[in-house]
Amino acid sequence: MEPKKILIVEDDAVLLQMLANVLRQHNFIVTEAVNGVDGLARIKTDLPDLVLLDIDMPQMGGMFMLKT
């Protein structure tokens, strides 16, 4: 079975790296975005199976990103 792809959209660099490291240890393919604008672009190119999305971010918050 092919590993699942997870996109983490998080503006806190420490939290982003902690989440990514834990998920990679469990054999997920992890991509990262630091804001909603970058997150939307990554969704279109990476086609993740799951998106972990921060709600409160600069440029484009998570709730706005969900509606886009």
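Structure report, in brief.

Conventions and cut-offs
Residues numbered from 1 in each chain as written. Predicted model: local features only at pLDDT ≥ 70, side-chain atom pairs only at ≥ 80, totals over all residues. Heavy atoms only, no water. Pairing = 2+ DSSP bridges. Helix = DSSP H or I, 4+ residues; strand = E, 2+ residues; numbered from the N terminus. Right-handed = clockwise from strand over helix to strand, strands pointing away. Salt bridge = Lys/Arg side-chain N within 4 Å of Asp/Glu carboxyl O. Buried < 20%, exposed > 50% of the residue type's maximum accessible area, 1.4 Å probe, protein only. Contact = heavy atoms within 4.5 Å.

**Points about the pairing of strand 2 (residues 29–33)**
Part 1: For strand 1 (residues 5–9) and strand 2, the ladder comprises five bridges, and the chain directions are parallel. Among the inter-strand pairings, Ile8 is bridged to a residue of strand 2, identified as Glu32.
Part 2: A crossover connection joins strand 1 to the parallel strand 2 through helix 1 (residues 13–25); in handedness this β-α-β unit is right-handed.

**Comments concerning the pattern of salt bridges**
Side chains that carry opposite charge are capable of pairing whenever their charged atoms lie near each other.
Part 1: What the rule picks out here adds up to two salt bridges.
Part 2: Taking the shortest distance from any N to any O, the salt bridge between Glu32 and Arg24 comes out at 3.3 Å.
Part 3: Residue Asp38 is joined to Arg42 by a salt bridge in which the shortest nitrogen-to-oxygen separation is 3.8 Å. With a gap of four residues between them, Asp38 and Arg42 both fall in helix 2 (residues 36–46), about one helical turn apart.

**As for the environment of Met65**
Part 1: Summarising the element assignment, Met65 is placed in helix 3 (residues 62–67).
Part 2: For Met65, a relative accessible area of 5% corresponds to the buried category.
Part 3: Along the backbone, Met65 and Leu40 are 25 residues apart, and their C-alpha atoms lie at a distance of 7.2 Å.
Part 4: Ignoring sequence-local partners within four residues, the contact set of Met65 consists of Val9, Gly36, Gly39, Leu40, Ile43, Leu53 and Met60.

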